[in-house]
Amino acid sequence: NNLPLVSIIIPTYNRLKFFKMAFESAYHQTYSNIEIIVSDNSTNEDTARYMANFKDSSKVIYLRNSHIKSKEDNFLATQEYVHGEYLNWLMDDDCIKFDKIEKMMKYFLSDKSIALVTSKRALINEENKILPDFRATVAYCKKDAIFNEGSVVGKELLTSMCNFIGEPSTVLFRKCGLGEENYFKAAYKGYRRISDIVMWLDLLKYGKFVYLADELSA
């Protein structure tokens, strides 16, 4: 496959119903070169039994981490298995559209100076029904847009006090652009509740920002 590899990382814990939706939304991506890394520290074997259905899939890596107790360590356990040039973290109560990676990678493939690509996202309930937008999920742009100065977007992110870029599931980014402000390592600088914001700010120092108007995650 001549396309760059994209790694989709799904940490999960005791949430089979939601995890199945998340996993299947990743598994059926239209982009042809992906790997899916599932890190499971559940206290039961429900997810393990489900993942046995994919044991022969070349694009799935399943880590059964029953010894791991914390969310942070379960997430960090994936890092040595990541081979992709691009990363998309997918939380186990989120899902992504089947063409999300394909649509976002078109921008990365056309411009090496792009740091991250995000999109509008929807809010859904436990029955997968779309709920009304709240402030952060209102479309940042009415049509697809490229912002040449990532630092300007970062400043707006801070001054607006609104995470219009989105949660980790929403964003695709270059692995090489991620510094120490990893999602679960932001605390080393004293950050507490805004780990994803810290990560976006770090990435935006290195390049352009792309926003897609389609709802590609929920």
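A quick note: this is a predicted structure, and the numbers were derived from the prediction, not measured. (Residues numbered from 1 in each chain as written. Predicted model: local features only at pLDDT ≥ 70, side-chain atom pairs only at ≥ 80, totals over all residues. Heavy atoms only, no water.)

## Considerations on the nonpolar core
How we decide: Residues belong to one nonpolar core when they are buried, are Ala, Val, Leu, Ile, Met, Phe, Trp, Tyr or Cys, and are joined through side-chain atoms within 4.5 Å. The buried label applies to any residue whose accessible area, calculated with a 1.4 Å probe on protein chains only, is under 20% of its type's maximum; exposed applies above 50%, and partly exposed to all values in between. The way it works is that DSSP assigns letters per residue, a run of H or I at least four long becomes a helix, a run of E at least two long becomes a strand, and they are numbered from the N terminus. Should any heavy atoms of two residues lie within 4.5 Å, those residues are considered in contact.
Counting residues in each nonpolar core, the largest one holds 28 residues, and the members touching the most others are Val6, Ile8, Ile10, Phe23, Met51, Met105 and Leu172. Mapped by element, the contributors of at least two residues to this core are strand S1 (6-12), helix H1 (16-27), strand S2 (34-40), helix H2 (46-51), helix H4 (100-110), strand S5 (114-121) and strand S10 (208-217). When sequence neighbours within four positions are dropped, the list of residues in contact with Ile10 reads Phe19, Ala22, Phe23, Ala26, Ile36, Ile37, Val38, Ser39, Leu90 and Asp92. Counting residues in hydrophobic clusters, the runner-up holds 25 residues, among them Phe75, Trp89, Met91 and Ala145.

## Here we look at the pairing of S1
The cut-off we apply is this: Note on handedness: a crossover is taken as right-handed if, strands pointing away from the viewer, the path from the first strand over the helix to the second is clockwise.
The buried fraction of S1 is high, at 7 of 7 residues. Of the two faces of S1, the one carrying Val6, Ile8, Ile10 and Thr12 and the one carrying Ser7, Ile9 and Pro11 are both buried. Once the chain exits S1 it traverses H1 before rejoining the sheet at S2, and the crossover so formed is right-handed.

## Digging into unusual backbone geometry
Phi at Asn14 is positive, roughly 55°, even though this residue is not glycine. With respect to the helices and strands, the residue Asn14 is situated in the loop between S1 and H1. Backbone geometry at Met161 places phi at a positive 55°, although glycine is not the residue there. Positionally, Met161 belongs in the loop between helix H5 (150-160) and strand S9 (172-174). By relative accessible area, Met161 is classed as exposed at 71%.

## Overview of the environment of Pro4
With respect to the helices, strands and loops of the structure, Pro4 is situated in the segment before S1. The spacing of Pro4 and Asn74 is 70 residues in sequence and 26 Å in space, taken between C-alpha atoms. The residues touching Pro4, leaving out its near neighbours within four places in the chain, are Tyr31, Asn33, Glu85, Tyr86, Met105 and Leu109.

## Section: the pairing of S2
Selection criterion: DSSP-based pairing: two strands are paired if at least 2 bridges between them are found.
Summarising burial for S2: 7 of the 7 residues are buried, a large majority. With burial as the criterion, each face of S2 is covered, one bearing Ile34, Ile36, Val38 and Asp40 and the other bearing Glu35, Ile37 and Ser39. When S2 meets strand S3 (residues 60-64), the two strands line up parallel, connected through 5 bridges. What sits directly across from Ile37, in S3, is Ile61. Regarding the hand of the β-α-β motif, the stretch spanning S2, H2 and S3 is right-handed.

## Some remarks on the pattern of salt bridges
The criterion, for reference: Any Lys or Arg side-chain nitrogen found within 4 Å of a carboxyl oxygen on Asp or Glu counts as a salt bridge.
One pass over the full model with this rule turns up 13 salt bridges. The closest approach of N and O atoms between Asp40 and Arg64, which form a salt bridge, is 3.9 Å. Of this pair, Asp40 sits in strand S2 while Arg64 sits in strand S3, placing them 24 residues apart in sequence. When its relative accessible area of 24% is taken as the criterion, Arg64 is described as partly exposed.

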